[in-house]
Amino acid sequence: MSDQPKKSKAAGGVPAIIATVKTLSEETGLVRGVRTLLKVNQAGGVDCPGCAWPEPDQKRSHFEFCENGAKHIADEATTKRVTPEFFQKWSVAELLEQSDQWLGAQGRLTHPMLLRRGATHYEPVSWDDAFELLAAELNSLNYPDQAIFYTSGRTSNEAAFLYQLFVRQFGTNNLPDCSNMCHESSGSALSETIGVGKGTVTLEDFNKADAIFVIGQNPGTNHPRMLAALEHAKRNGCKLVHINPLPEVGMTRFKHPQHVLGLLGSGTALADLFLQVRINGDVPLLKGIMKAVMAREGALDRDFIAQFTTGFDEFASALRDVSWTEIVEQSGVSKEKIEQAAQIFVESERTIFCWAMGLTQHHNAVSNIQEIVNLMLLRGQIGKPGAGLCPVRGHSNVQGDRTVGIWERPTAAFLDKLGAEFNFNPPRNHGFDTVRAIQAMHDGQGKVFFALGGNFLSATPDTEFTTAALRRCRLTAHVSTKLNRSHLITGDRALILPCLGRTEIDMQATGAQLVTTENSMGVVQISRGSLAPASTELLSEPQIVARLARATLEHRTTVDWEDLARDYDKIRDAIERVLPGFDDYNTRVRQPGGFYLPNAARNRVFNTTSGKAQFTIHELPEHNLRPDQLLMMTIRSHDQFNTSVYSANDRYRGISNGRRVVFLNEEDIAAVGLRARQVVDLVSHFEGEERIARQFVIVPYDIPRRCAATYFPEANVLVPVRSVAAKSNTPASKSVVISIRPATED
Ligand SMILES: Nc1nc2c(c(=O)[nH]1)N[C@H]1C(S)=C(S)[C@@H](COP(=O)(O)OP(=O)(O)OC[C@H]3O[C@@H](n4cnc5c(=O)[nH]c(N)nc54)[C@H](O)[C@@H]3O)O[C@H]1N2
Ligand SMILES: Nc1nc2c(c(=O)[nH]1)N[C@H]1C(S)=C(S)[C@@H](COP(=O)(O)OP(=O)(O)OC[C@H]3O[C@@H](n4cnc5c(=O)[nH]c(N)nc54)[C@H](O)[C@@H]3O)O[C@H]1N2
Ligand SMILES: [Mo]
């Protein structure tokens, strides 16, 4: 224990408040900062650009934000600027030497910039010339599928809908998005088993639940407002179970920042039971819980199983064949603890299961989630108040983007409606997802890469492979708010197209516009910025898409792009005509709190192939680690938003001034003959290939044997592009096989 870092005792509380005020005052000047924050997540205000956790339908506290939401807002509302002079001073090669943190800290992008073929520096370019250049490159392709159009999940419904319309009028379904690396596994798992690719609970259900399981998720850092919902549930007598390789601080101790004055105690111990599962030990663990549940008299909801499900008998018989020895050995959790979890599950009439990246980024990620579905079906815990499935989404509008058509595998029904509304024939072939897009660029099939937000290079796996892929493109173009590494690893030519952020006033010819987003629980709501734009040159995302579409498609298009981009109400009218559930979109979204999209599974209507909820059978995962190998997960620190790194600290885990760290169990450190704080190289192993990440510092930590943790994106070089989840094709960035060597210079 002695060598382990000193962790923070409680998440939230006074240190969180101090950190909030500090971040905001440093970045934006205190007055502008607080004014922005007071509008965050208020009805009609700005939707926090951080996570997708919902706001209460009624009774919003005046502070519906969190320490980390404040950092994300400050990151966007900063008063620092990246101007043409900045690019004149710094060559691309010099910028590449800088850290992600440094790049992000330079401020907001102010002007469209062009990197010419062979040039060392970006130079300013007019918007018209930028669109002309893009149009010329796109129109010179042999066929539309040579272009790739990526989206990150901050894009509004309006921008996303226009974007997919443009891309499909251009002639391709190559619409990879960050979701492919995020909750795609949840979507695949749930569509197959319950007929809807989304969760089935609302925030109100959290107030009614008797038990909430949080598995493979670190809400204290990534969804801090969720802790308030958990604390509230707990006060109502709800039991909380936390399943994670790490004892994440938010789940073990939490102080509600809004109760700051009453905060002299040590905070609430949120989790009643903590199961310290091994990395990727969840399938065996869930099978264990199900075995224990099945063994308890009267535990099954036989009526529900008979009326609403199919496949139970085969499922039950396969489960009987799995032994407790395998379960305990592979999950790393004792039978006694598994029995305790089963007891909580059986005693609860209303249970919610929450999960995030700890389950979705493994080879068998879809199995992980389908085992949760199996467990919940056993007791009819889907489609009733206080119970259900809750994949906790990441980016604030990643769910909405998918709803309005950002998908490389669109349904025929959607394409039919889109084609009918805009009088064209959308392409029917499925397009590239993120991993296939990287491979296509690498082998020369993808030639133009366009990104609406995000940081493709740093977010994707196999950094060196992806670098080579992007460098083979003729043109790479990014619509962005902040400078990032994807602007520096470019095709023959590159464009940076700076856009408005969500906190800013979006003024168009018909007046100030609002945009809409869909949160993790299917609520569509307004977001309206209130700050003056970071530069007068910025365009809104819908404007950028509309002008790109006009320049590229000219008179080949059936869409009045200018009309849509000058009045977003008209975009919403079109969405309403194309998609179910958006009736009276413009009216209903303006009501306080917005509106819920319909969700059949919530009403026990299961639109699967059989018309019933499906039990499924899954094998135990196999790892076959060599004695010197470990299974590594890549996770987020408390001071980053995905690839935007705010500082090198991770307060809740006791880390300061370093991100190139590898968390290891003390016994493993000794077993491989290394010591705490030693500098090492990490080597990943996949199908005979090795990848190396150099100069990581060993941190002894409370983590199961044979497991390791590093930070994303520093460790992405180790994640092989071909190492993906079955069905969802999501990179298995939480199941990386590594070995560790004393550091060498390269
Ligand atoms: N502040 C902040 N907020 C964010 C983000 C951010 O970067 N910063 N990112 C946003 C986005 S896009 C997303 S998707 C979400 C991500 O939210 P999370 O999914 O919470 O993010 P990760 O840090 O990837 O954490 C995964 C958690 O799963 C655990 N875990 C890893 N492997 C396993 C496993 O095999 N089994 C189990 N049971 N647990 C495992 C890890 O220990 C960790 O606690 O957060 C969103 N919100
Ligand atoms: N190894 C590993 N890899 C991972 C993960 C992991 O856990 N481990 N997690 C994966 C997950 S869950 C996700 S979601 C992806 C994230 O992948 P991305 O969404 O591609 O990455 P972000 O870091 O969120 O993107 C940050 C950039 O978005 C731009 N930006 C910010 N706001 C706006 C805006 O309003 N408009 C526009 N146009 N641009 C904006 C800024 O320029 C900023 O630099 O990474 C994935 N990669
Ligand atoms: Mo995500």
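Quantities reported herein were computed from a predicted structural model and do not represent experimental measurements.

The rules behind these values
Residues numbered from 1 in each chain as written. Chains lettered and ligands numbered in written order. Predicted model: local features only at pLDDT ≥ 70, side-chain atom pairs only at ≥ 80, totals over all residues. Heavy atoms only, no water. Helix = DSSP H or I, 4+ residues; strand = E, 2+ residues; numbered from the N terminus. Rg over C-alpha atoms; globule rule 2.2 N^0.38 Å. Buried < 20%, exposed > 50% of the residue type's maximum accessible area, 1.4 Å probe, protein only. Contact = heavy atoms within 4.5 Å. Areas by Shrake-Rupley, 256 points an atom, 1.4 Å probe, with all protein chains shown as cover. Lys, Arg positive; Asp, Glu negative; His and termini not counted. Charge placed at Lys NZ, Arg CZ, Asp CG, Glu CD. Axes fitted to C-alpha atoms, helices over the stretch in contact; angles between N-to-C directions. Parallel < 35°, antiparallel > 145°, perpendicular 65-115°, else oblique. Left-handed = near helix turned anticlockwise from the far one by under 90°. Nonpolar A, V, L, I, M, F, W, Y, C, P; charged D, E, K, R; others polar. Near = heavy atom within 4 Å. Polar contact = N/O pair within 3.5 Å; in protein donor to acceptor, adjacent residues only side chain to side chain. Domains from an automatic or database assignment. Buried area = accessible area lost by both parts, 1.4 Å probe. Salt bridge = Lys/Arg side-chain N within 4 Å of Asp/Glu carboxyl O. Expected span 1.5 Å × (residues − 1). Pairing = 2+ DSSP bridges. Phe/Tyr/Trp six-rings, centres within 6.5 Å; stacked < 30°, edge-to-face > 60°. Lys NZ or Arg CZ within 6 Å of the ring centre and 35° of its normal. Core = buried A, V, L, I, M, F, W, Y, C linked by side-chain atoms within 4.5 Å.

1. A short note on the overall build of the protein
Consideration 1: For the protein, the count of helices and strands is 30 helices and 30 strands.
Consideration 2: Expected size for 746 residues packed as a compact globule is a radius of gyration near 27 Å; at 25 Å, the protein falls within 12% of this value.
Consideration 3: For the protein, buried positions account for 64% of its 746 residues.
Consideration 4: Across the protein, contacts joining residues at least 24 apart in sequence account for 79% of those joining residues at least 6 apart.
Consideration 5: Counting only carbon and sulfur atoms, one obtains 50% of the accessible surface of the protein, whose full area is about 26,700 Å².
Consideration 6: Side-chain charges of the protein comprise 80 positive and 84 negative groups, with the mean position of each set lying 3 Å from the other.

2. What to know about the packing of helix α22 (residues 412-422) against helix α28 (residues 568-578)
Packed helices, taken two at a time, are described by the angle their axes make and the gap between the axes.
Consideration 1: Viewed as axis vectors pointing N to C, α22 and α28 meet at an angle of 130°, and their least axial separation amounts to 9 Å. When the interaxial angle is binned, α22 and α28 end up oblique. Crossing hand, α22 versus α28: right-handed. Contacts between α22 and α28 involve F414, K417, L418, E421 and F422 from the first element and A574, R577 and V578 from the second.
Consideration 2: Looking at the contact of α22 with α28 residue by residue, the class counts come to 5 nonpolar, no polar and 3 charged.

3. Concerning the site of ligand 1
Consideration 1: Close contacts around ligand 1 come from 33 residues, with E248, N280, D282, Q640 and N642 the closest.
Consideration 2: In the model, a nitrogen atom of ligand 1 is placed 3.2 Å from a nitrogen or oxygen of the N68 side chain.
Consideration 3: Within the side chain of E248, one N or O atom sits 2.6 Å away from an oxygen atom of ligand 1.
Consideration 4: Protein burial of ligand 1: of its 930 Å² of free accessible surface, 99% is covered by the chains.
Consideration 5: Within the residue set of the shell around ligand 1, elements represented by two or more residues are α3 (67-77), α11 (219-222), α19 (357-360), β23 (630-635) and β24 (640-641).

4. Quick word on the domain arrangement of the protein
Quite often, the size of an interface is put as the accessible area lost when its parts meet.
Consideration 1: Looking at the assigned domains, one finds that the protein contains domain 1 (14-76), domain 2 (82-117 + 129-179 + 397-592), domain 3 (184-391) and domain 4 (630-742).
Consideration 2: Each of domain 2 and domain 4 has a C-alpha centre, and the two are 31 Å apart.
Consideration 3: The interface of domain 2 with domain 4 comprises 16 residues on the first partner and 18 residues on the second.
Consideration 4: When domain 2 packs against domain 4, the two sides together hide about 1,400 Å² of surface, and 50% of this comes from carbon and sulfur.
Consideration 5: Put simply, domain 2 and domain 4 have 1 salt bridge between them.

5. Quick notes on the environment of A534
Consideration 1: Assignment of secondary structure puts A534 in the loop between β20 (523-527) and α26 (541-553).
Consideration 2: With a relative accessible area of 11%, A534 lands in the buried category.
Consideration 3: Contacts of A534, omitting those with residues within four sequence positions, involve R81, R108 and E504.

6. Quick notes on helix α20 (residues 365-378)
Consideration 1: With 14 residues, α20 should reach 20 Å at 1.5 Å per residue; the first-to-last C-alpha distance of 21 Å fits that figure.
Consideration 2: A large share of α20 lies buried, amounting to 14 of its 14 residues.
Consideration 3: Positive backbone phi, at 60°, marks G380, one or two positions downstream of α20.

7. Quick word on the sheet that holds strand β8 (residues 239-243)
Consideration 1: One open sheet accounts for 5 strands, arranged β10-β8-β7-β12-β13; its pairing is parallel. The open sheet has two edge strands, β10 (273-275) and β13 (388-391), and neither has a second partner. Each neighbouring strand pair of the sheet contributes to a mean axis angle of 15°, computed without reference to strand direction.
Consideration 2: As paired strands, strand β12 (residues 351-355) and β13 are joined by 4 bridges and run parallel to one another. Looking at the pairing, W355 lines up with P391 of β13.
Consideration 3: Across the sheet, helix α9 (residues 184-194) lies against β12 and β13, angled at about 160° from β13, the strand it touches most.

8. A short note on the packing of aromatic side chains
Both the distance between ring centres and the angle between the ring planes are used here to describe each pair of aromatic rings.
Consideration 1: In this structure the tally under the stated criterion is 29 aromatic pairs.
Consideration 2: Relative to W90, the ring of F86 lies with its centre 6.2 Å away and its plane at 35°, an arrangement referred to as tilted.
Consideration 3: Taking the relative accessible area as the measure of exposure, W90 reaches 19% and is therefore buried.
Consideration 4: On the basis of an interplanar angle of 85° and a centroid distance of 5.8 Å, the ring pair of F149 and F166 is categorised as edge-to-face. Residue F149 is found in strand β6 (residues 147-151), and its partner F166 is found in helix α8 (residues 157-170); the two are separated by 17 residues along the sequence.
Consideration 5: The exposure class assigned to F149 is buried, which follows from its relative accessible area of 1%.
Consideration 6: Following the ring pairs from residue to residue traces out a cluster consisting of F86, F87, W90, W102 and Y122.
Consideration 7: The lysine or arginine in question, R154, covers the ring of F641, its NZ or CZ lying 5.1 Å from the ring centre.
Consideration 8: The lysine or arginine in question, K335, covers the ring of W324, its NZ or CZ lying 4.8 Å from the ring centre.

9. A short note on the nonpolar core
Consideration 1: Ranked by size, the top nonpolar core spans 62 residues in total, and within it F149 and F166 carry the most contacts.
Consideration 2: Take this core: its biggest share by element is 8 residues, from α8.
Consideration 3: Discounting residues that sit within four places of it in the chain, F149 has contacts with L138, Y163, F166, V167, F170, T172, N174, L175, P176 and F450.

10. Some thoughts on the packing of helix α23 (residues 434-442) against helix α25 (residues 463-471)
Consideration 1: Interaxial distance between α23 and α25 falls to 7 Å at its minimum, and their mutual angle equals 55°. Compared by their axis directions, α23 and α25 come out oblique. The chirality of how α23 crosses α25 is left-handed. Touching I438, Q439, M441 and H442 of α23 are F465, T466, A468, A469 and L470, all from α25.

11. Re the site of ligand 2
Consideration 1: Neighbouring ligand 2 are 29 residues, the closest being Y150, S152, A459, E541 and T643.
Consideration 2: Between ligand 2 and the protein, one listed contact pairs an oxygen atom with a side-chain N or O atom of H395 at 2.9 Å.
Consideration 3: Taking V479, its main chain carries an N or O atom lying 3.0 Å from a nitrogen atom of ligand 2.
Consideration 4: Across the complex, the protein chains shield 96% of the 930 Å² of accessible surface that ligand 2 would expose by itself.
Consideration 5: Residue composition of the shell around ligand 2, by class: 10 nonpolar, 14 polar and 5 charged.
Consideration 6: Split by domain, the shell around ligand 2 shows at least three residues from each of two domains, domain 2 (82-117 + 129-179 + 397-592) and domain 4 (630-742).

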